[in-house]
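Working through the structure, step by step
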Amino acid sequence: MQVTVTEAARRAQITGAATEVIARDGYPRASYARIVEHAGLSSTRLISYHFRDKNDLVMAVLIAAIGAVDERMTARLDGVTDRVEMLRGYIESQVGLLRSHPDEVLAIREIAQNLPDLAPVLEDFRVGRLARQLTQGQREGVFAPFDVRVMARTIASGIDGADSEDYGRELADLFVRACVG
């Protein structure tokens, strides 16, 4: 089934509103009624028309939010081949996302905390890419030996607590020193 431009715009409007409601109010309180009110829609039927159910809507939110995060990450790391600079770029980019895309980051976290079936997928999103970079850095002899999963989770936890770009730079410096040895 082909989606018209108007339908795609309405889906994007609903997805955007759902992202903001989940980020602001939390996943458990993200009802169709709140999303409709936030989006300025006339009825919850508009959501039902464009999405099979709440799970379908939540998947659309995740796809859009992860897409926005991944797009920024890809842009930040474009052309970077040095493993140390990749690590630095990853950390600084993730911290930057807390300012540039706060709703997307919060919505992803809310969904991860409230939908345990998605936990493995979201855990891979949270630390998988980083763990793969760290593993490759170890194979290339750039990074010291350490448990990659522990380091990736520790870096992710450090990013979760970030509150400024300065914090991000300091965090990147700290983990570069820890990984290079």
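Further up the page is the structure itself.
I will try to describe carefully the structure that is included in this document. Keep in mind it's a predicted model, so treat the numbers as computed, not measured.

Moving on to the packing of helix 1 (residues 5-25) against helix 2 (residues 32-39). At a closest axis distance of 9 Å, the pairing of helix 1 and helix 2 adopts a crossing angle of 115 degrees. If you check the angle between helix 1 and helix 2, you find them roughly perpendicular. Helix 2 is crossed by helix 1, and the crossing has right-handed handedness. Judged by residue contacts, Q13, I14, A17, A18, E20, V21, R24 and D25 of helix 1 engage R34, I35, H38 and A39 from helix 2. Considering only residue class, the contact of helix 1 with helix 2 consists of six nonpolar, two polar and four charged.

With that settled, consider the layout of surface pockets. One way to see where empty space is left: roll a probe the size of a water molecule over the atoms. One number sums up the size of the largest pocket: a volume of about 370 Å³. Along the wall of the largest pocket there are 18 residues; nearest its centre are I108, R109, F125, R126 and D160. When contributions to the lining of the largest pocket are tallied by element, the ones reaching two or more residues are helix 5 (83-100), helix 6 (102-114), helix 7 (119-139) and helix 8 (148-160). It is helix 7 that contributes the most residues to the lining of the largest pocket, six residues altogether.

Before going further, it helps to examine the nonpolar core. If you look at the biggest cluster of nonpolar residues, it comprises 29 residues, and the most contacted ones within it are I14, I22, I35, I47, L57 and I111. Those elements giving two or more residues to this core turn out to be helix 1, helix 2, helix 4 (54-77) and helix 6. Looking at this core element by element, the count peaks at seven residues for helix 4. Among the nonpolar cores identified, the runner-up in size contains 25 residues, and V84, L134, A162 and F175 belong to it.

What follows is about the packing of aromatic side chains. Tallied over the full model, the rule gives zero aromatic pairs. Above the face of the Y27 ring, K54 is positioned so that its terminal group lies 4.4 Å from the ring centre.

Per the stated rule, a full pass over the model turns up one cavity of 30 Å³ or more. Size it by volume and the largest cavity reaches roughly 30 Å³. Considering the residues around the largest cavity, the lining is formed by A18, I22, A30, I35, K54, L57, V58 and V61. Element by element, the count of residues in the lining of the largest cavity is highest for helix 4, at four residues. When its residues are assigned to classes, the lining of the largest cavity shows seven nonpolar, no polar and one charged.

This part is about helix 6. For helix 6, which comprises 13 residues, the first-to-last C-alpha distance of 18 Å matches the rise-based estimate of 18 Å (1.5 Å per residue) to within 8%. Residues V105, A107, I108, E110 and I111 constitute the buried set of helix 6. On its buried side, helix 6 packs onto helix 1, helix 4, helix 5 and helix 7.

Reading the values: rules and limits
Each chain has its residues counted from 1, following the order in which its sequence is written. Selection of residues for local features in this predicted model requires a pLDDT of at least 70, selection of side-chain atom pairs for listing and counting requires 80 or more, and totals for whole chains, interfaces and linings are taken over all residues. Note that the side-chain values use all heavy atoms of the structure and ignore hydrogens as well as water. Angles run from 0 to 180 degrees between N-to-C directions of axes, and those axes are lines fitted to C-alpha atoms, restricted for helices to the stretch in contact. The way it works is that DSSP assigns letters per residue, a run of H or I at least four long becomes a helix, a run of E at least two long becomes a strand, and they are numbered from the N terminus. Orientation is classified from the angle alone, with under 35 degrees giving roughly parallel, over 145 giving roughly antiparallel, 65 to 115 giving roughly perpendicular, and any other angle giving oblique. Should the near helix be turned anticlockwise from the far one by less than a right angle, the crossing is termed left-handed; should it be turned clockwise, right-handed. Any two residues whose heavy atoms approach within 4.5 Å are treated as being in contact. Amino acids outside the nonpolar list (Ala, Val, Leu, Ile, Met, Phe, Trp, Tyr, Cys, Pro) and the charged list (Asp, Glu, Lys, Arg) are all regarded as polar, and Gly is one of them. Here a cavity is any set of points on a 1 Å grid over the protein atoms alone where a 1.4 Å probe fits but cannot get out, and a pocket is any open set with protein on both sides within 12 Å along at least 5 of 7 lines; a residue lines the site when it has an atom within 4 Å of a point. Grid points are joined across faces, edges and corners, and a volume is the space filled by probe spheres set on the points. Here, the term nonpolar core denotes a set of buried Ala, Val, Leu, Ile, Met, Phe, Trp, Tyr and Cys residues that are joined through side-chain atoms within 4.5 Å. Only protein chains enter the area calculation, which uses a 1.4 Å probe; residues under 20% of their type maximum are buried, those over 50% are exposed, and those in between are partly exposed. Each Phe, Tyr or Trp ring (for Trp, its six-membered ring) is paired with any other whose centre lies within 6.5 Å, and the angle between the two planes then decides the class: stacked below 30 degrees, edge-to-face above 60, tilted in between. Throughout this description, the term charge over a ring refers to an Arg CZ or Lys NZ atom that lies within 6 Å of the ring centre and within 35 degrees of the ring normal. Multiplying 1.5 Å by the helix residue count minus one yields the expected span of that helix.

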